[in-house]
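As a plain string of letters, each chain reads:
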Amino acid sequence: MRTFMSEKPKLKSSRCQGLNLRFYEKESLGFLNGNWLAEMPVFECCSTSPLLFFSGSMEPAFHRGDLLFLTNRIEDPIRVGEIVVFRIEGREIPIVHRVLKIHEKQNGDIKFLTKGDNNAVDDRGLYKRGQHWLEKKDVVGRARGFVPYIGIVTILMNDYPKFKYAVLFLLGLFVLVHRE
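How each quantity is defined
- Residues numbered from 1 in each chain as written.
- Predicted model: local features only at pLDDT ≥ 70, side-chain atom pairs only at ≥ 80, totals over all residues.
- Heavy atoms only, no water.
- Helix = DSSP H or I, 4+ residues; strand = E, 2+ residues; numbered from the N terminus.
- Polar contact = N/O pair within 3.5 Å; in protein donor to acceptor, adjacent residues only side chain to side chain.
- Core = buried A, V, L, I, M, F, W, Y, C linked by side-chain atoms within 4.5 Å.
- Buried < 20%, exposed > 50% of the residue type's maximum accessible area, 1.4 Å probe, protein only.
- Patch = residues over 30% accessible without salt bridge, like charges linked within 9 Å, V, L, I, M, F, W, Y side chains within 5 Å.
- Areas by Shrake-Rupley, 256 points an atom, 1.4 Å probe, with all protein chains shown as cover.
- Salt bridge = Lys/Arg side-chain N within 4 Å of Asp/Glu carboxyl O.

Draft legend 1. A look at the environment of Asp122. In this fold, Asp122 is placed in the loop between strand S6 (110–115) and strand S7 (134–135). As a C-alpha pair, Asp122 and Leu100 span 22 residues in sequence and 7.9 Å in three-dimensional space. Engagement of the side chain of Asp122 in a polar contact is seen with the backbone nitrogen of Arg124, the distance being 3.1 Å.

As structure tokens, this is what we get:
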């Protein structure tokens, strides 16, 4: 696993590792939809949560099929250059982009602007109508590490439904043939 932001990986409990492994097994077979992030309380015991990256908007930092590991420590300040996962009101799927600018008010409240590394313009066009900045409440997590291309099977199953059925057929055939 690659990490960034000079954060040392923390050891997790075996229970937490088991939860993350079970999640990945389901995600890789395509049994979970893109709305799995709403089910994150399953991972409360963990210091990180996984997220499969489906877009090319963050290339070359992340590619389609990369598995991201997220944290969300509310007390940590948001910094320019940090990669955040945020959810826009009215949109189901969370967005993973880099913080481009920070605007700090006199009362200490922070608002920030994001942009995908591979996008030509900032994300203001993605925000809800009339919203020009994100706030901390919009952040679902912060990227702390990733495993490249490990989720490509899920991408293939979503993009090519016939491939999904072929894999499921082969798995079913394997189970039937290897029964004791």
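The structure having been displayed, the exposition proceeds.
Draft legend 2. Structural detail: the nonpolar core. Counting 12 residues, the largest nonpolar core is built from Leu51, Phe53, Met58, Phe62, Leu68, Leu70, Ile83, Val85, Val96, Val140, Ala143 and Phe146. Counting residues per element, the ones that place at least two in this core are strand S3 (67–71), strand S4 (83–86) and strand S8 (139–147). Residue contributions to this core peak at 3 residues, all from S8. Core analysis: the second largest hydrophobic core is formed by 11 residues, Ile78, Val99, Leu134 and Val139 among them.

Draft legend 3. Spatial organisation of a nonpolar patch on the surface. A cluster of nonpolar side chains, Tyr149, Ile152, Val153, Leu156, Tyr160 and Phe163, forms an exposed patch at the surface whose accessible area comes to about 520 Å². By residue number, the principal contributor to the nonpolar patch is helix H2 (residues 152–159), which donates 3 residues. Along the chain, Phe163 turns up in helix H3 (residues 161–177). A relative accessible area of 33% places Phe163 in the partly exposed class.

Spatial relationships are all this shows, so hold off on functional conclusions.
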